[in-house]
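Structure assessment
Okay, here's what each chain looks like letter by letter:
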Amino acid sequence: MKEIFKDWVPEWLIKLILFSGLMPSMVLFFLPGANVNVTAGFYGAQPSDVQFLIILFYAGFVGFYVLERRFFQYFPVKQYYIIFNLLQLLICYLMYRINEISWIYGLRFFRACCSHRLSISPYP
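For every chain, the first residue of the written sequence is number 1, and numbering continues from 1 onward in sequence order. It should be noted that, the model being predicted, local features are given only for residues of pLDDT at least 70 and side-chain atom pairs only at 80 or more, the latter also being counted only at that level, while totals for whole chains, interfaces and linings use all residues. Each side-chain value is derived from all of the structure's non-hydrogen atoms; neither hydrogens nor water enter the calculation.

Structural notes on the overall build of the protein
Secondary structure summary: the protein contains five helices and zero strands in total. The helix and strand labels rest on DSSP assignments: H or I over at least four residues marks a helix, E over at least two residues marks a strand, and numbering proceeds from the N terminus. Taken from the N to the C terminus, the helices and strands of the protein come in the order α-α-α-α-α. The buried share of the protein, taken over its 124 residues, is 30%. Whether two residues are in contact is decided by their heavy atoms, any of which lying within 4.5 Å being enough. Residue pairs in contact within the protein that sit at least 24 positions apart in sequence constitute 64% of those at least 6 positions apart. Just so you have it, the protein exposes about 8300 Å², and 71% of that area is on carbon and sulfur atoms. Note on classification: 1.4 Å probe, protein chains only; a residue is buried when its accessible area is under 20% of the maximum for its type, exposed when over 50%, partly exposed between these limits. Working definition of accessibility: Shrake-Rupley area with a 1.4 Å probe, residue cover restricted to the visible protein chains.

Now the structure itself:
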């Protein structure tokens, strides 16, 4: 990680920055499952549909893991981070504005794909 951060940045600050960068993704992952009945009421769906949204998130996260390394090879780290953050913001806004559960299924899957943005490793 030292090639991403300046040499004078201490290790504890690097970990804090990476954790704070991952925190929005973790919160958005668990938010629909925090209160299943409220989420189901918001979208006008059944509680089992909300549980399916959580499964879709897992599927998107695992499915995109293999492709993520390929995308990472073609973009510098900062561009990669910014692009996927902007995509995630756009998808979250669309999920807020759209109340149709069938659209939310696809958006939730693609949001999971965008949440991989910091699983960067130094290995090729």
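From this point, the narrative continues.
A short note on the nonpolar core
To define a nonpolar core, start from buried Ala, Val, Leu, Ile, Met, Phe, Trp, Tyr and Cys residues and group those joined through side-chain atoms within 4.5 Å. Counting residues in each nonpolar core, the largest one holds 13 residues, and the members touching the most others are Tyr-43, Phe-84, Ile-91, Met-95, Ile-101, Ile-104 and Leu-107. At the level of elements, helix H3 (47-74), helix H4 (77-97) and helix H5 (101-114) are the ones that each hand at least two residues to this core. Sorting elements by how many residues they give to this core places H5 first, with five residues. Residue contacts for Ile-104: discarding those within four places in its chain leaves Tyr-43, Leu-53, Met-95 and Ile-98.

Focus: the packing of H4 against H5
Angles here are taken between N-to-C directions and fall from 0 to 180 degrees, while the axes themselves are lines fitted to C-alpha atoms, restricted in helices to the stretch in contact. It is the contact of H4 with H5, at a shortest axis distance of 9 Å, that shows an interaxial angle of 160°. Our classification of the angle between H4 and H5 gives roughly antiparallel. As for how H4 packs across H5, the hand of that crossing is left-handed. Along the contact surface, H4 presents Phe-84, Leu-87, Gln-88, Ile-91, Cys-92, Leu-94 and Met-95, while H5 presents Ile-104, Leu-107, Arg-108, Phe-110, Arg-111, Cys-113 and Cys-114. Angular relationships are summarised with four words: roughly parallel below 35 degrees, roughly antiparallel beyond 145, roughly perpendicular across 65 to 115, and oblique for the angles in between. By the definition used in this description, the sense in which the near helix is turned from the far one sets the handedness, with an anticlockwise turn below a right angle giving left-handed and a clockwise turn giving right-handed.

Things to note about the confidence of the model for the protein
When pLDDT is averaged across the protein, the result is 79; 88% of the residues are at 70 or more. Known as pLDDT, the predictor's per-residue confidence is scaled from 0 to 100. Mean pLDDT in the protein bottoms out at helix H1 (residues 11-34), which sits at 77, and peaks at H5, which reaches 88.

Description of the packing of aromatic side chains
Here a pair means two rings of Phe, Tyr or Trp (six-membered ring of Trp) with centres within 6.5 Å. Their orientation is stacked below 30 degrees between planes, edge-to-face above 60, and tilted elsewhere. Inspection of every chain in the model, using the stated rule, returns five aromatic pairs. Here Phe-52 and Tyr-105 contribute two aromatic rings whose centre-to-centre distance is 5.2 Å and whose plane-to-plane angle is 85°, an arrangement assigned as edge-to-face. On the criterion of sequence distance, the pair formed by Phe-52 in helix H3 and Tyr-105 in helix H5 is long-range, its members being 53 residues apart. Of the residues examined, Phe-52 reaches a relative accessible area of 37% and is grouped as partly exposed. Pairing Phe-109 with Phe-110 gives two aromatic rings, centres 5.7 Å apart and planes at 75°, and the pair type is edge-to-face. For Phe-109, a relative accessible area of 29% gives the class partly exposed.

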